[in-house]
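Results of the structural survey
Listed here are the chains, written in short residue letters.
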Amino acid sequence: MVSILRALLAAAIAVAVMPQFAAAQSAYPNKSITLMVPAAAGGPTDTVARLIAESMGRTLGQTIVVENVGGAGGTIGLTRLAKAAPDGYTVAVWHIAMATAPALYDNLTFNVTDDFDTIGRITDAPMSLVTKTGVAAKDVKELIAWIKAESGKVTYGHAGIGSASHLCALLLMKEMNVQMVGVGYRGTGPAMNDLLSGQFDFMCDQTTNTTNQIKEKRIQGYAVTTKTKVSSLPDLPTLDSGALPGFEISAWHAMWAPKGLPKEATDKLVAALQAALKDPKVIQRFADLGAEPVPQNLATPEALKSQLASEVKRWDTVIKASGVKAN
Ligand code: ASP
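Bear in mind that the values here come from a model prediction, so they are computed numbers and not experimental data.

What counts, and where the lines are drawn
Residues numbered from 1 in each chain as written. Predicted model: local features only at pLDDT ≥ 70, side-chain atom pairs only at ≥ 80, totals over all residues. Heavy atoms only, no water. Helix = DSSP H or I, 4+ residues; strand = E, 2+ residues; numbered from the N terminus. Buried < 20%, exposed > 50% of the residue type's maximum accessible area, 1.4 Å probe, protein only. Contact = heavy atoms within 4.5 Å. Areas by Shrake-Rupley, 256 points an atom, 1.4 Å probe, with all protein chains shown as cover. Lys, Arg positive; Asp, Glu negative; His and termini not counted. Charge placed at Lys NZ, Arg CZ, Asp CG, Glu CD. Pairing = 2+ DSSP bridges. Axes fitted to C-alpha atoms, helices over the stretch in contact; angles between N-to-C directions. Parallel < 35°, antiparallel > 145°, perpendicular 65-115°, else oblique. Salt bridge = Lys/Arg side-chain N within 4 Å of Asp/Glu carboxyl O. pLDDT = per-residue confidence, 0-100. Phe/Tyr/Trp six-rings, centres within 6.5 Å; stacked < 30°, edge-to-face > 60°. Expected span 1.5 Å × (residues − 1). Near = heavy atom within 4 Å. Polar contact = N/O pair within 3.5 Å; in protein donor to acceptor, adjacent residues only side chain to side chain. Nonpolar A, V, L, I, M, F, W, Y, C, P; charged D, E, K, R; others polar. Core = buried A, V, L, I, M, F, W, Y, C linked by side-chain atoms within 4.5 Å.

1. A look at the overall build of the chain
The secondary structure content of the chain amounts to 11 helices and nine strands. Over its C-alpha atoms, taken along the principal directions, the chain stretches across nearly 100 × 40 × 35 Å. Out of the 327 residues belonging to the chain, those deemed buried represent 53%. Counted over contacts in the chain with a minimum sequence separation of 6, partners at least 24 positions apart contribute 80%. Carbon and sulfur atoms make up 56% of the accessible area of the chain, which totals about 14,200 Å². If the 30 positive side-chain charges of the chain are averaged to one point and the 28 negative ones to another, these points end up 2 Å apart.

And the structure:
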């Protein structure tokens with residue numbers, strides 16, 4: 001009798017405890033999250049990702065581990081993201097190349113609008129025209145004249161076919177009506193190391209990767225690619241204001257997840273992203289590197305979805321008109 005009572009009591013306790021236990025088990029996130037960067041460590045996207053990962057991890061109460069999966073202009077990492085479990089434990093930070101890839105590549109293994117869930121926009125990073133030290137051009141006009149005079153000989157670094165640095169250089173060559181010789185890397189982090197040691201001549205890269213190197217005179221900065229000047233690099237004019245009117249590109253960054261994320265995970269990721277973009281430390285670091293977090297109303301799945309749709313359209317027209325192609 002006593003043992004039957006004991007068994008009943010144990011069963012009752014188990015039933016009473018189980019729901020909370022189950023809830024605790026399923027509450028998202030209950031383990032570390034992988035934040036994939038489809039480019040090499042030490043580059044501009046890696047910098048943005050690590051900055052927000054730290055802050056988001058604090059909000060979510062879990063470690064966010066950054067994993068670099070560089071190569072092929074980000075498409076290797078994105079192929080992996082599209083196939084990852086949509087459980088909120090694998091997300092990615094990527095940029096404008098998400099919107100340019102459909103026009104640049106003929107055989108993408110993923111669909112940029114159908115295979116990913118949008119979490120939110122992060123920042124719009126200006127790009128800058130830089131060279132190794134020792135290039136004689138004193139300003140952007142002289143830089144363009146030098147590239148023209150040396151057409152076909154000047155070398156430029158980029159983060160792989162279809163990356164932002166590649167697209168920027170392709171558009172510049174088209175505008176200037178010149179050829180340069182491309183040197184591909186898994187990201188502009190490693191490309192920057194080679195520019196510092198003078199292995200190639202020129203790069204169009206995000207200010208998040210170039211600002212400190214320009215300020216410390218380890219490379220030469222000439223212009224920025226945004227419509228307005230960048231406050232952390234006050235000496236650099238915009239291309240639009242003189243040398244190449246109308247030329248504009250910025251490497252906007254955002255967060256994506258595999259398609260089919262549970263609402264709980266999406267909501268918590270969005271809240272953590274928004275908190276990170278209000279974090280004074282994050283704001284300061286972005287400012288030091290010439291970038292700004294987007295306003296809160298743009299750090300949402302809906303804002304990113306419409307940004308992506310309009311950017312895919314915009315770049316489809318620009319890329320087709322310019323005739324540039326990744327393969
Ligand atoms: N986002 C790339 C990187 O972080 C650079 C690029 O797309 O140009 O290396």
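2. Describing the pairing of strand β7 (residues 202-206)
The element β7 is largely enclosed, with a buried count of five among its five residues. Here five bridges tie strand β4 (residues 116-132) to β7, and the two strands are oriented antiparallel to one another. Bridging across to β7, Thr 131 finds its partner in Phe 202.

3. Quick notes on the packing of helix α2 (residues 44-60) against helix α10 (residues 280-288)
It is the contact of α2 with α10, at a shortest axis distance of 10 Å, that shows an interaxial angle of 175°. Here α2 is positioned roughly antiparallel relative to α10, judged by the angle of their axes. Contacts between α2 and α10 involve Val 48, Leu 51, Ile 52, Glu 54, Ser 55 and Arg 58 from the first element and Lys 281, Val 282, Arg 285 and Phe 286 from the second.

4. Quick look at the pattern of salt bridges
Within the structure shown, the criterion is met by 15 salt bridges. Put simply, Lys 138 and Glu 142 hold a salt bridge, and the shortest N to O gap is 3.7 Å. Take Lys 138: its relative accessible area is 68%, and that puts it in the exposed class. Take Glu 142: its relative accessible area is 32%, and that puts it in the partly exposed class. Here Asp 240 ties to Lys 227 by a salt bridge, and the two come within 3.6 Å at their closest N and O atoms. On the criterion of sequence distance, the pair formed by Asp 240 in the loop between β8 (219-224) and β9 (250-258) and Lys 227 in the loop between β8 and β9 is long-range, its members being 13 residues apart. Owing to a relative accessible area of 44%, Lys 227 belongs among the partly exposed residues under this scheme. It is possible to trace a salt-bridge network through shared partners that takes in Glu 54, Arg 58, Asp 279 and Lys 281.

5. Section: the confidence of the model for the chain
Confidence along the chain averages 91 in pLDDT terms, with 91% of residues attaining 70 or more. Contacts from residues 7-24, a stretch scored under 50 in pLDDT, to residues over four places away or in other chains number one contact.

6. Digging into the packing of aromatic side chains
Applying the stated rule across the entire model yields four aromatic pairs. Arranged with centres 5.8 Å apart and planes meeting at 45°, the rings of Tyr 185 and Phe 200 form a pair that is tilted. In this pair, Tyr 185 sits in the loop between β6 (181-184) and α7 (188-196) while Phe 200 sits in the loop between α7 and β7, placing the two residues 15 residues apart along the sequence. Judged by relative accessible area, Tyr 185 falls into the buried class, the value being 16%. Ring centres 6.1 Å apart and planes at 45° place the aromatic pair Trp 252 and Trp 256 in the tilted group. For the pair shown, Trp 252 and Trp 256 are each scored as buried.

7. Some words on the environment of Thr 238
On the secondary structure map, Thr 238 appears in the loop between β8 and β9. As for Thr 238 and Pro 102, which are separated by 136 residues in sequence, their C-alpha atoms are 28 Å apart. Residue contacts for Thr 238: discarding those within four places in its chain leaves Val 224, Thr 226, Lys 227, Thr 228 and Lys 229.

8. Description of helix α11 (residues 301-322)
With 22 residues, α11 extends 31 Å between its outermost C-alpha atoms, agreeing within 8% with the 32 Å of an ideal straight helix rising 1.5 Å per residue. Those residues of α11 that are buried are in contact with α4 (97-104), β4, α6 (164-176), β9 and α9 (263-278). One or two positions beyond α11, positive phi appears at Gly 323, with a value near 75°.

9. Side note on the site of the ligand
Around the ligand, 13 residues are found, and the nearest of them are Thr 45, His 95, Ala 164, Ser 165 and Thr 188. Backbone polar atom of Thr 188 to an oxygen atom of the ligand: 2.7 Å apart, as the coordinates give it. A total of 270 Å² of accessible area belongs to the ligand in isolation, and the protein chains cover 100% of it. Contributions of two or more residues to the shell around the ligand are made by α2, β3 (90-95) and α6. Here the shell around the ligand is composed, by residue class, of five nonpolar, eight polar and no charged.

10. Quick notes on the nonpolar core
The biggest cluster of nonpolar side chains holds 90 residues, and the ones touching the most others in it are Ile 52, Leu 172, Phe 202 and Trp 256. Contacts of Trp 256, omitting those with residues within four sequence positions, involve Leu 81, Val 91, Ala 92, Trp 94, His 95, Met 98, Phe 116, Asp 117, Thr 118, Ile 119, Leu 304 and Leu 308. Counting residues in each nonpolar core, the second largest holds 13 residues, with Ala 191, Ile 219, Val 224 and Leu 236 among its members.

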